[in-house]
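# Topology and contacts: notes
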Amino acid sequence: RGLLYSCMREKGYNVLVLGQHLDDFAESFFMSAIHNGLLRTMKANYWVRQEDVRVCRPLLYVREKEMAMFAKENQLPVIADNCPACFAAPKERHKTKVLLSSLEFDYPALFSTLLRTMQPLYA
């Protein structure tokens, strides 16, 4: 992310908008709880330490499948997972995705419930 911040500063930009969606937030939340014993997830909106760049994740309320459908309907290119952390441990994120999917089968409101649960963490 440091490279993005540096590039933004060079170009005079001050807001970085990222495309993480609700599924990403939920996966991060579960991975943090399972692997680190912490209740954490990404922040939806924050300033970097130097307070010259703001990071926003406006798609927090959108499910991954909705984004995929929108992209397909509008013939938008889709880039597969390109998160550096995903390359380091793609198996863990994939396992978490499968776990959440199986839970959602039994608990259809899972992601809306997780959204409420994570609200104090991403706010």
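Our subject is the structure listed above.
Notes on the structure follow.

Cut-offs applied
- Residues numbered from 1 in each chain as written.
- Predicted model: local features only at pLDDT ≥ 70, side-chain atom pairs only at ≥ 80, totals over all residues.
- Heavy atoms only, no water.
- Axes fitted to C-alpha atoms, helices over the stretch in contact; angles between N-to-C directions.
- Helix = DSSP H or I, 4+ residues; strand = E, 2+ residues; numbered from the N terminus.
- Parallel < 35°, antiparallel > 145°, perpendicular 65-115°, else oblique.
- Left-handed = near helix turned anticlockwise from the far one by under 90°.
- Contact = heavy atoms within 4.5 Å.
- Buried < 20%, exposed > 50% of the residue type's maximum accessible area, 1.4 Å probe, protein only.
- Phe/Tyr/Trp six-rings, centres within 6.5 Å; stacked < 30°, edge-to-face > 60°.
- Lys NZ or Arg CZ within 6 Å of the ring centre and 35° of its normal.
- Salt bridge = Lys/Arg side-chain N within 4 Å of Asp/Glu carboxyl O.

## Some remarks on the packing of helix H2 (residues 22-36) against helix H6 (residues 110-122)
Running from amino to carboxyl end, H2 crosses H6 at an angle of 70°, the nearest separation of the two axes being 10 Å. One finds that H2 runs roughly perpendicular with respect to H6. Of the two elements, H2 crosses H6, and the hand of that crossing is left-handed. Judged by residue contacts, Leu22, Asp23, Phe25, Ala26, Phe29 and Phe30 of H2 engage Phe111, Leu114, Leu115, Thr117, Met118, Leu121 and Tyr122 from H6.

## Thoughts on unusual backbone geometry
Phi at Glu51 takes a positive value of approximately 60°, unusual for a residue other than glycine. Within the secondary structure, Glu51 sits in the loop between strand E2 (45-47) and strand E3 (54-56). According to the relative accessible area criterion, Glu51 is exposed, its value standing at 61%. Positive phi values are uncommon outside glycine, yet Gln75 reaches one of about 50°. Inspection of the secondary structure assignment puts Gln75 in the loop between helix H3 (64-73) and helix H4 (84-88).

## Notes on the packing of aromatic side chains
Geometry of an aromatic ring pair is reported as the spacing of the ring centres plus the angle between the planes. Tallied over the full model, the rule gives 2 aromatic pairs. With centroids separated by 6.2 Å and ring planes inclined at 80°, the aromatic side chains of Phe25 and Tyr122 adopt a geometry described as edge-to-face. Here Tyr122 lies in helix H6 and Phe25 lies in helix H2, a separation of 97 residues in the sequence. Like Phe25, the residue Tyr122 is buried in the burial classification. The ring of Phe111 has Arg63 lying over it, and the distance from NZ or CZ to the ring centre is 3.6 Å.

## Points about the pattern of salt bridges
If the charged atoms of two oppositely charged side chains come close together, the side chains can form a pair. Applying the stated criterion across every chain yields a total of 7 salt bridges. Glu27 is the partner of Lys97 in a salt bridge, and the nearest nitrogen-oxygen pair spans 2.9 Å. Placement of the pair is Lys97 in helix H5 (residues 90-106) and Glu27 in helix H2, with a sequence separation of 70 residues. The exposure class of Lys97 is partly exposed, given its relative accessible area of 26%. Glu104 serves as the salt-bridge partner of Arg63, at 2.7 Å between the closest nitrogen and oxygen. Here Arg63 is found in the loop between E3 and H3, whereas its partner Glu104 is found in helix H5, with 41 residues between them in sequence. There is no split in this pair, since Arg63 and Glu104 are both buried.

The analysis is restricted to geometry; functional conclusions fall outside its scope.
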